[in-house]
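Summary of the model geometry
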Amino acid sequence: MSRIKKIGLGIVIPAIVLLFWIYATNFLEVSPSILPKISSVGKAFIDLIKKGTLQKDISISLVRVVRGYFFSILTGIILGTAMGMFPAVYQIFHGPLTTIRQIPNIAWIPLIILWFGIKELSKTVIIVIAAFFPIMTNTLNGILSTPQGYIELAQLYNLSKWTTFRKVYLPHALPHMLVGLKLGLGVSWMALVAAELIASSSGIGYRLSDARSLMRSDIVIVCMIVIGIVGIIMDKIISLIFRFLTPWEKKKADI
């Protein structure tokens, strides 16, 4: 499929949505408080940029995501690796973690707020809970997918656990880990926005909730678009990093 054709197919749905939006706001009796005109959304976006409000909200939210995501990586990779390499650790944690994993991320938010309030710690904890499971699960699957023959060979040469991890487990687990990290980043962003919607006094999620309470649908739509764009940018950045770290995966795809 040619590049132009791909682009054309990719913009079909957005074009339909824009056409319906223009038609509804110009030819149907739709209240601006429900669905504003595109020009109103553009004006609201420019106003927020000029005031510096949007930049501040995005920067606050991104700092929160990075902080929570870092702790998710730390805990998810360490525990996933330990569960994959040591059967006793797997037996201890697998049951409880499988049970906790069934609880929706948003269900944790009220309890976390009761425990930690609405300050920064609560946002970090919510992000860690959300992103931990995809990172841990994919790390575990990567470790468990390592060929048994390689592990037995490492044991034959009396390699230490750390050396075995670096030279045997990690090369096979790395693609799985990177998938988990990518999923975890997306979940982190969504969990943060949800947390800011419910209990926060700053950030892009707070701005969205505040605009809703003021019946400013134009700002609500601006925030929604910005949330989507930031999420896409983060996904593309991490995809480029992973492509750099695993060049052999691209060679496999080319073959």
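Remember, predicted model here, so these are calculated numbers, not experimental data.

Definitions and limits used
Residues numbered from 1 in each chain as written. Predicted model: local features only at pLDDT ≥ 70, side-chain atom pairs only at ≥ 80, totals over all residues. Heavy atoms only, no water. Helix = DSSP H or I, 4+ residues; strand = E, 2+ residues; numbered from the N terminus. Rg over C-alpha atoms; globule rule 2.2 N^0.38 Å. Axes fitted to C-alpha atoms, helices over the stretch in contact; angles between N-to-C directions. Parallel < 35°, antiparallel > 145°, perpendicular 65-115°, else oblique. Contact = heavy atoms within 4.5 Å. Nonpolar A, V, L, I, M, F, W, Y, C, P; charged D, E, K, R; others polar. pLDDT = per-residue confidence, 0-100. Core = buried A, V, L, I, M, F, W, Y, C linked by side-chain atoms within 4.5 Å. Buried < 20%, exposed > 50% of the residue type's maximum accessible area, 1.4 Å probe, protein only.

**Some thoughts on the overall build of the protein**
Each helix and strand counted, the protein has 12 helices and zero strands in total. Going from N to C terminus, the protein has its helices and strands arranged as α-α-α-α-α-α-α-α-α-α-α-α. For the protein, whose C-alpha radius of gyration is 23 Å, the value lies well above the compact-globule estimate of 18 Å for 255 residues. The principal-axis extents of the C-alpha atoms in the protein amount to approximately 75 × 55 × 30 Å.

**So, the packing of helix 3 (residues 38–51) against helix 4 (residues 53–85)**
The description of two helices packed together rests on the angle between their axes and the distance between the axes. Remark: helix 3 packs on helix 4, axes separated minimally by 4 Å, with the N-to-C direction vectors making an angle of 75°. Accordingly, the angle class assigned to the pair helix 3 and helix 4 is roughly perpendicular. Of the residues in helix 4, those touching helix 3 at Phe45, Leu48, Ile49 and Lys51 are Thr53, Leu54 and Gln55. Broken down by class, the residue content of the contact of helix 3 with helix 4 amounts to four nonpolar, two polar and one charged.

**Considering the confidence of the model for the protein**
Scored by pLDDT, the protein has a mean of 87; 96% of the residues are at 70 or more. Confidence, read as mean pLDDT per element, is least for helix 12 (residues 247–254) in the protein (55) and greatest for helix 4 (93).

**Overview of the nonpolar core**
The nonpolar side chains of soluble globular proteins are, as a tendency, buried together. Grouped together as the largest cluster of nonpolar side chains are 31 residues, with contacts concentrated most on Leu54, Trp189, Ile204, Val222 and Val226. Those elements giving two or more residues to this core turn out to be helix 3, helix 4, helix 7 (120–144), helix 9 (161–198), helix 10 (204–213) and helix 11 (217–245). Among the elements that make up this core, the one with the highest residue count is helix 11 (11 residues). If sequence neighbours within four positions are ignored, Leu54 has contacts with Phe45, Leu48, Ile49, Ile204, Val222 and Val226. The next biggest cluster of nonpolar side chains, apart from the first, holds 11 residues, and it includes Trp108, Ile112, Ile126 and Ala130.

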